[in-house]
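Fold and contact review
One letter stands for each residue in the lines below.
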Amino acid sequence: MSSSTTVRTARRRGLRMAALALTAAAGLTLTACSGSDTAGAKPAGRTDQGSAAAESSGAGSSAGDKSSDAGAEVGTKAGSGGKQSGSSPTANGGKAAAPVRTQRLADGVSKAEITKVGPQHYRAKIVARGSVLATMEAKQQDDGLDANDMFVVLTSDGQVNSWMGGGHQGPGTFEIEGGWTVKVTKLGDLHYRAQFFSESGDADDTVEANQHDIGFVSNGVSIVLSAGGVLSAHQ
């Protein structure tokens with residue numbers, strides 16, 4: 001082999017070795033870059049997981065808030081509904097009961113606004129010149145009122161009877177319409193008892209007015225005994 005051939009071969013080998021060295025260096029550089037990217041991806045991945053957890057937690061909190069809001073709204077409605085059931089008595093599906101009728105009373109000035117509250121349950125407001133003077137309530141039993149010598153009876157079926165005068169001031173024994181003899185006894189302040197006797201002298205009934213006037217209808221006779229001991233009857 002000639003010297004020129006040897007020189008060219010050596011040069012070629014040198015170039016090849018240089019190329020291999022450059023390739024190896026590039027491979028190392030790529031490996032280093034790839035390792036750096038992988039290492040950098042892990043914190044980013046954890047950050048994404050943290051963000052996802054935070055978002056998930058936030059979604060749960062939001063759902064919890066909505067649940068709380070819904071519960072509060074139901075509670076408020078329930079509270080409103082409970083507040084509406086504790087107000088004045090109502091009828092007709094929760095609406096305020098309207099008067100069944102209005103009836104003029106015996107004094108010619110007052111009137112009774114009669115309202116049905118329920119079965120065998122009526123209320124009557126005694127109104128004069130726009131003012132409510134008294135309220136009567138008959139629930140499964142009659143009610144009565146002595147309103148300055150005007151006597152009123154409200155029955156449990158919603159009937160109103162009124163009349164003027166005819167009162168007897170107890171204590172004492174009195175003859176009243178219907179053929180009864182009535183003995184009125186004072187038991188205490190604003191507390192009187194009335195004992196009813198038939199024409200034969202038998203005791204038919206005993207009633208008491210204690211801090212409140214009472215009234216009832218018996219055999220077609222309306223009777224009021226006031227808490228002040230005044231007894232009156234009207235047929």
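Our subject is the structure that appears above.
Residues numbered from 1 in each chain as written. Predicted model: local features only at pLDDT ≥ 70, side-chain atom pairs only at ≥ 80, totals over all residues. Heavy atoms only, no water.

Let's talk about the pattern of salt bridges
- Within this structure, the stated rule accounts for 2 salt bridges.
- For Arg123, the salt bridge goes to Glu137, with nearest N and O atoms at 3.3 Å. Of this pair, Arg123 sits in strand β3 (residues 121–128) while Glu137 sits in strand β4 (residues 131–139); the two residues are 14 residues apart in sequence, bridging distant segments of the chain.
- Overall, Arg123 belongs to the buried group, its relative accessible area being 16%.
- A salt bridge links Glu208 to Arg193, with the shortest nitrogen-to-oxygen separation between them at 3.1 Å. Here Glu208 is found in strand β12 (residues 203–210), whereas its partner Arg193 is found in strand β11 (residues 191–197), with 15 residues between them in sequence. (Salt bridge = Lys/Arg side-chain N within 4 Å of Asp/Glu carboxyl O. Helix = DSSP H or I, 4+ residues; strand = E, 2+ residues; numbered from the N terminus. Buried < 20%, exposed > 50% of the residue type's maximum accessible area, 1.4 Å probe, protein only.)

Considerations on the packing of aromatic side chains
- Enumeration over the complete set of coordinates arrives at 3 aromatic pairs.
- Here the aromatic rings of Trp180 and Phe196 are separated by 6.1 Å at their centres, their planes lie at 85°, and the arrangement is edge-to-face. With Trp180 in strand β10 (residues 180–188) and Phe196 in strand β11, this residue pair connects regions lying 16 residues apart in the sequence. Across the pair, exposure class does not vary: Trp180 and Phe196 are buried alike.
- Seen in terms of ring centroids, Phe196 and Phe216 are 5.8 Å apart; in terms of plane orientation they differ by 70°. Their pairing is edge-to-face. Separated by 20 residues along the polypeptide, Phe196 in strand β11 and Phe216 in strand β13 (residues 214–218) bring together distant segments of the chain.
- Here the aromatic cluster, defined as three or more aromatic residues joined through ring pairs, consists of Trp180, Phe196 and Phe216. (Phe/Tyr/Trp six-rings, centres within 6.5 Å; stacked < 30°, edge-to-face > 60°.)

Thoughts on the side chain of Ser110
- Structurally, Ser110 is set in the loop between β1 (101–104) and β2 (111–118).
- By relative accessible area, Ser110 is classed as buried at 4%.
- Among the polar contacts listed, one links the side chain of Ser110 to the side chain of Asp107, at a separation of 2.8 Å.
- The contacts of Ser110, once residues within four sequence positions are left out, are Arg104, Leu105, Ile126, Val127, Ala128, Leu133 and Met150. (Polar contact = N/O pair within 3.5 Å; in protein donor to acceptor, adjacent residues only side chain to side chain. Contact = heavy atoms within 4.5 Å.)

So, the pairing of strand β15 (residues 230–234)
- Among the 5 residues in β15, 4 count as buried, and that is most of the element.
- Of the strand pairs in this sheet, strand β8 (residues 168–169) and β15 are connected by 2 bridges, and their pairing is antiparallel. Looking at the pairing, Gln169 lines up with Val230 of β15.
- Two elements, strand β14 (residues 221–225) and β15, share 4 bridges in a ladder whose sense is antiparallel. Looking at the pairing, Ser222 lines up with His234 of β15.
- If you look at the hairpin formed by β14 and β15, you'll find 4 residues sitting between the two strands, and Gly229 has a positive phi there, around 90°. (Pairing = 2+ DSSP bridges.)

Keep in mind these numbers describe shape, not what the thing actually does.
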